[in-house]
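# Residue-level structure breakdown
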Amino acid sequence: MIRSTTVICVRHKGGIAIAADGQVTQGQTILKQTAKKIRRLYKGQVLAGFAGATSDAFALFARFEGRLDEYKGNLSRAAIELAKDWRLDKALRQLQAMMVVADKESGFLISGTGDVIEPDDGILAIGSGGPYALAAARALITHTDLGAREIAVEALKISSGICVYTNSEISVEEL
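What you see is a predicted model; the values in this text were computed from it and never measured. (Residues numbered from 1 in each chain as written. Predicted model: local features only at pLDDT ≥ 70, side-chain atom pairs only at ≥ 80, totals over all residues. Heavy atoms only, no water.)

### Thoughts on the sheet that holds strand 2 (residues 15–20)
With respect to topology, four strands assemble into an open sheet ordered 10-1-2-11, the strand pairing being antiparallel. Bordering the open sheet on either side are strand 10 (123–127) and strand 11 (171–174), each of which pairs with just one other strand. Sheet twist, expressed as the average angle between the axes of neighbouring strands with direction ignored, equals 10°. Contacts between helix 3 (residues 130–143) and the sheet are confined to strand 1 (6–12) and strand 10, with strand 10 contributing the most and set at about 160° to the helix. Contacting strand 1, strand 2 and strand 11, helix 4 (residues 148–160) runs over the sheet at an angle of about 150° to strand 1. (Pairing = 2+ DSSP bridges. Helix = DSSP H or I, 4+ residues; strand = E, 2+ residues; numbered from the N terminus. Axes fitted to C-alpha atoms, helices over the stretch in contact; angles between N-to-C directions. Contact = heavy atoms within 4.5 Å.)

In structure tokens form, the structure reads like this:
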């Protein structure tokens, strides 16, 4: 289990947003509170967020961006190829991270075990606070009129009140 952050992706009412908290921990010590864990890739058309070791995430962002360029922005193909690389490459297999990636049409969770998961309900969450944020987002979609950005932020706020590895310094990117 990755115990370092919370990242959530919400697709709702024609919008897509990825939000992440800013906390960086080492063991039980908070090292930083305002880290940016979301990036825009491929000419700003793809959003990516990570949970896990920072250096591993940078390696994955670079590899994934290369795949996006190779497949001309085709998110699903790039995600599948990254998952294959991650699972088969001896060096990449050691990386301790997970990614959530999205464009205007789709979103995926990508893991080092070869998973490329597209959600049924348009919500993906990773990291130690992921289950809390996922539950909160599902409830907010069902019982409010909020948009994707607002749901992502509120879900992270709820998660930050439960998970000690998640704080309320939230960054958001949307398409």
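### Here we look at the nonpolar core
Counting 23 residues, the largest nonpolar core has F64, L68, M99, V101 and I110 as its most contacted members. Of all the secondary-structure elements, those providing two or more residues to this core are strand 6 (46–52), helix 1 (54–70), helix 2 (75–88), strand 7 (97–102) and strand 8 (107–111). Among the elements that line this core, the one with the most residues is helix 2, at six residues. Every residue in contact with I110, bar those within four places of it in the chain, is listed here: F64, A79, L82, A83, W86, M98, M99, V101 and D115. The next biggest cluster of nonpolar side chains, apart from the first, holds 17 residues, and it includes A19, A136, A137 and V172. (Core = buried A, V, L, I, M, F, W, Y, C linked by side-chain atoms within 4.5 Å. Buried < 20%, exposed > 50% of the residue type's maximum accessible area, 1.4 Å probe, protein only.)

### Brief notes about the sheet that holds strand 7
Sheet architecture is open: five strands sit in the order 5-6-7-8-9, paired in antiparallel fashion. Two strands lie at the open edges of the sheet, namely strand 5 (38–41) and strand 9 (116–117), each paired on one side alone. Relative to strand 7, strand 6 runs antiparallel, the two being bridged by six bridges. By the bridge assignment for strand 7, A51 is matched with M98. Contacting strand 5, strand 6, strand 7 and strand 8, helix 1 runs over the sheet at an angle of about 155° to strand 6. Contacts from helix 2 reach strand 6, strand 7, strand 8 and strand 9, with the element oriented near 5° to strand 8.

### Observations concerning the pattern of salt bridges
Within this structure, the stated rule accounts for 10 salt bridges. Measuring nitrogen to oxygen at the nearest pair gives 3.4 Å for the salt bridge that ties D21 to K37. Note that D21 is positioned in the loop between strand 2 and strand 3 (24–26) and K37 in the loop between strand 4 (29–32) and strand 5, a separation of 16 residues in sequence. By the burial criterion, D21 is buried, and K37 matches it. For R138, the salt bridge goes to D121, with nearest N and O atoms at 2.6 Å. Pair noted here: R138 is in helix 3 and D121 is in the loop between strand 9 and strand 10, with a separation of 17 residues, a long-range link. Classification of R138 by relative accessible area gives partly exposed; the value is 43%. Shared partners join several salt bridges into a network, and the residues in it are R63, R67, E70 and D85. (Salt bridge = Lys/Arg side-chain N within 4 Å of Asp/Glu carboxyl O.)

All we've got here are geometric facts, nothing functional implied.
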